[in-house]
Amino acid sequence: MSLCRSTCWTCSAACGVLVTVQDGKAVKIEGDPEHPRTKGTLCAKGLASLQLQYHPDRLLYPMRRVGARGQGQWQRITWPEAIQILAGRLAAVRQQWGPEAVAVVAGGSRPVLNYSRRFANALGTPNHGAASHLCSRPSGSVSRSIVGAGLEYDVTRSRCIVCMGSNWLHTQWAQHLYAVEFMAARKNGALAITVDPRLSMTGARSDIWLQVRPGSDAALLLAWINVIIEEGLYDRDFVANWTTGFPELAAHSQQFTPEWAEQVTWIRADRIRETARLYATTKPACITVGVALEETIGTTGALQALTVLAAITGSVDVDGGNTIESGVLPASQLSKVMGSDLMPRSAPVKGLQSFPLIPDARPGFAIWESIVTGQPYQVKAVLVHGGNPVLTNENARNLVFKALEQVDFLAVADLFPTPTSDLADLVLPAATWLEKDDLNYRGNVVSASPKLVEPQGEARNDVDMFIDILKAMGLTYGANSQREFMDWLLAPLGKTYEDVLAAGYLVQPQVRKKYEKGLLRADGKPGFDTPSGKVELLCSRFAKLGLDPLPQYHEPAESPYSTPELLKQFPLVLTDGGRKPMYHHSQHRQVPWLRQLSPEPELEINRQTAADLGIADGDWVWIEGVRGRCRQRAKLTNCISPRVVHAEFGWWYPETTAPAEALHGAWVSNINMLTDQQPNDKGCGSTPVRALLCKVYKCSEEDLR
Amino acid sequence: MTPRISDEPSLCIGCLACLVACMQQKNLAPGGSLIKVQVVEKPDPPYDLLCNITYCRHCPNPPCLAACPSLAIEQALDGRVTFLLESCTACGACVEACPYDAIRVSPESGKASICDLCWTSGEPRPACLRHCPSGALSLLGVPQ
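Because the structure is a prediction, the values reported are computed rather than measured.

The rules behind these values
- Residues numbered from 1 in each chain as written.
- Chains lettered and ligands numbered in written order.
- Predicted model: local features only at pLDDT ≥ 70, side-chain atom pairs only at ≥ 80, totals over all residues.
- Heavy atoms only, no water.
- Helix = DSSP H or I, 4+ residues; strand = E, 2+ residues; numbered from the N terminus.
- Rg over C-alpha atoms; globule rule 2.2 N^0.38 Å.
- Buried < 20%, exposed > 50% of the residue type's maximum accessible area, 1.4 Å probe, protein only.
- Areas by Shrake-Rupley, 256 points an atom, 1.4 Å probe, with all protein chains shown as cover.
- Contact = heavy atoms within 4.5 Å.
- Lys, Arg positive; Asp, Glu negative; His and termini not counted.
- Salt bridge = Lys/Arg side-chain N within 4 Å of Asp/Glu carboxyl O.
- Polar contact = N/O pair within 3.5 Å; in protein donor to acceptor, adjacent residues only side chain to side chain.
- Core = buried A, V, L, I, M, F, W, Y, C linked by side-chain atoms within 4.5 Å.
- Arc of directions from axis to C-beta.
- Phe/Tyr/Trp six-rings, centres within 6.5 Å; stacked < 30°, edge-to-face > 60°.
- Pairing = 2+ DSSP bridges.

(A) Focus on the overall build of chain A. Counting secondary structure elements, chain A contains 26 helices and 26 strands. Its C-alpha radius of gyration of 25 Å places chain A within 12% of the 27 Å reference for a compact globule of 705 residues. Seen through its C-alpha atoms, chain A measures out along the principal axes to roughly 70 × 65 × 55 Å. The buried share of chain A, taken over its 705 residues, is 64%. When the accessible surface of chain A is split by element, carbon and sulfur atoms take 50% of a total near 24,200 Å².

(B) Fine view of the environment of Gln596(A). With respect to the helices and strands, the residue Gln596(A) is situated in the loop between helix 24 (592–595) and strand 22 (602–606). As for Gln596(A) and Ala413(A), which are separated by 183 residues in sequence, their C-alpha atoms are 27 Å apart. If sequence neighbours within four positions are ignored, Gln596(A) has contacts with Pro30(B) and Gly31(B).

(C) The arrangement of the side chain of Glu536(A) in detail. Residue and element names in this part refer to chain A. You can see Glu536 is positioned in strand 20 (residues 535–536). It is Arg521 that comes nearest to the buried, bridge-free Glu536 among opposite-charge side chains, at 7.8 Å. Of the polar contacts made by the side chain of Glu536, one reaches the side chain of Ser532; its length is 2.7 Å. Within the structure, Glu536 has its side chain in polar contact with the side chain of Ser540 (distance 2.6 Å). Ignoring anything within four residues of it in the chain, the contact list for Glu536 reads Ile146, Thr244, Thr530, Pro531 and Arg541.

(D) Summary view of the nonpolar core. All names here are of chain A. Counting residues in each nonpolar core, the largest one holds 171 residues, and the members touching the most others are Trp224, Tyr279, Ile312 and Phe528. Element by element, the count of residues in this core is highest for helix 8 (residues 217–230), at 11 residues. Once residues lying within four places of it in the same chain are set aside, the contact partners of Ile312 are Ile225, Ile228, Ile229, Tyr234, Asp235, Val239, Phe246, Leu249 and Leu537. Counting 52 residues, the second-largest nonpolar core is a separate cluster that includes Trp368, Val427, Leu603 and Ala666.

(E) Focus on helix 10 (residues 246–253) of chain A. Residue and element names in this part refer to chain A. Inspection of helix 10 places Phe246, Leu249, Ala250, His252 and Ser253 among the buried residues, and these make up the whole buried set. Looking straight down helix 10, one finds its buried side chains confined to an arc of 165°; they lie on one side. Packing partners of the buried residues in helix 10 comprise helix 8, helix 9 (236–242), strand 11 (243–244) and helix 13 (299–312).

(F) Summary view of the packing of aromatic side chains. Residues and elements named next belong to chain A. Using the criterion set out here, one finds 20 aromatic pairs over all chains in the structure. When the centroid spacing of 5.9 Å and the interplanar angle of 80° are considered together, the rings of Trp260 and Tyr553 count as edge-to-face. Of this pair, Trp260 sits in helix 11 (residues 258–265) while Tyr553 sits in the loop between helix 22 (540–544) and helix 23 (564–569), placing them 293 residues apart in sequence. In textbook terms, an aromatic cluster arises when at least three aromatic residues are bridged by ring pairs, as seen for Tyr115, Phe119, Tyr441, Phe466, Tyr477, Phe485 and Trp488.

(G) Just the pairing of strand 21 (residues 572–576) of chain A, in detail. Residue and element names in this part refer to chain A. Within strand 21, five of the five residues are buried, leaving the element largely enclosed by the surrounding structure. Of the two faces of strand 21, the one lined by Leu572, Leu574 and Asp576 and the one lined by Val573 and Thr575 are each fully buried. Examined bridge by bridge, strand 21 and strand 26 (residues 692–698) share three bridges and lie antiparallel to one another. Looking at the pairing, Val573 lines up with Leu693 of strand 26. Bridge count between strand 21 and strand 25 (residues 644–647): four bridges; the pairing is parallel. Its bridge partner being in strand 25, Leu574 is matched across the sheet by Val645.

Below, the structure is given as structure tokens:
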């Protein structure tokens, strides 16, 4: 029996774990007390990893479709056969239509996201599709334009924590990292303000809950800017010495009065004033950003407002504020990991639609639109790698499904059969984190997750699969094995994978106020890494790109104010995608320990609204919008506005006995049947998935049969 | 003082990690954790989410012990409830008697599962408590 240190990848938080291995089998997975952030704790998902690892439904062998697409008839094949089919199809498409007719689509942000990006670059295609338009890339890109760097949060040392756009304590991708730090800060007396349409656990554990109308967060932030400037609560020294554009911002923000914001956000003006003062005067303060802010058509403006707030209160690059973190790996190496060495950005191949602030990445929907419309050209072959777009992408039925149904060739690599793999021509079994060597190299901690057990069936390491496909096509991944690749990845640190394994955790110590010390700019001068060397409240990069240089508010495309005529038919504001602590996106519904904790999707609806509609707690209800409907169980609550409902996201039914073409219940509770890939935020391409209109009504008995 | 878990519900974040930690440690069926967290809404404004955490209290006069017809439950000198696996007939009397819903009978093993603070597994602190991110759980009656 041995106790092995590793890094959990059951979600993408990369928490430290200790795995007990007995006779070649993992028998226990627990938190590692030596992990610098999680300190021995571990979330429900990580603790249930054994049931995922040894689940009877795991994909075990490569399989080829034999019947019609989506009919669930498969033939087991060998890995060499699978590689041959894949390499043959991709090579044929490349030759006939050009490399850009191949798309690689990825799921959540584990390290493999970068590895598949590298694979796409090695194939010569710019069409790597992911959720970059609505998950973390927008906030990084916006703050990079204004401050010259991505902003993180030093929650631990903060005296005032503002949680925007997420249920911070349950946020699925870093739950225990965040929860440990938030609760520790609270015990030390930090003030917490949570902005959320519903009372989440984070709101409940905060001093103040601001019940914002879905999609209107930016208006609150703009009104805070208004109050802070109007009342002179900004950091005069920082503004005078380290920013440009303050007079323009001050003039611009006059229009965003708390009284204006009250009409927009449904938060009382006096509450907006009170919280603006608290945020500006309780130092140090940090604002945390969740994806709800990145999933509107006004994403750029919202994040601009947030970045500007952090700057004018002097909260940038300070302990307890919105920090600029130095990663362990240099940024240039991270870009190489994604394949910049294989295909420079100036490569002549024209990519599908992208947006000015995230020019290097394609939103998933650009690939689906290309397949369905043939414009500007048609993607012919797709490899979906660790993703489930049928559940997780916008406009699931009318766009994603249509595209997957008609694409010439679809291969899917995953741990389990999914509604997406149900539509594939070729299914490839992927290895879990317990079955392969991997690295966590993001942020300020580097750690290893070594191969501890043999793969189930013929499940394989993703990178080795990429290497084999490329070799068969006469191309290269730049390494001959995952091990070799990881050593190359770590080379700038003068370390090897074995060194990281031996060290446990490599932690990058952080220096604050780097702007005073000349640590942010390539020229070594004090200041920020922007054209002016200052925080650009009036953003020159935005002006150059044709975007608003000052933060603006954009009303959601579907709302009581922008589409009042639609409100007659669809009288409720629909928000969705709030996280639950036992699931990661569309994953883990087949893990018994986790599923029992949340067996069915719930629609949160106000008690009064439900009473008016004749809906009782636990009733199955239809949630219907302009583009379609799905059903979830009504959960009656007082913790949401009578004008708003909240639906869960990512739901399918792995256990279903329905015929194969029902795609494991993909069309039962899938809220992305109601969302749309348009219109988009001008800067980031973000889609309006968090604020829509809907109606809710009880399912009939016939519906449920 | 009898060793036992204690909880501070205002610190609980309802993440349910303790439940899964317990199920893994004790190899329990889904839903069978010996610790339970129920998140309930405060019915009147200002609204709040309250966590009810239930687990074995190692009661001074354990009702489970009194109810067990096969002498499988005993009390150690320090007051802890202890369990003799071999004597258990899985009759379920202890499950009925426990006011904290903290005992399960596993249909697979044909035995009861009772909280022993994970001591029989050689762990210094119980799995539920070790994985709690918020400090909602603590251990009483044990020198730290």
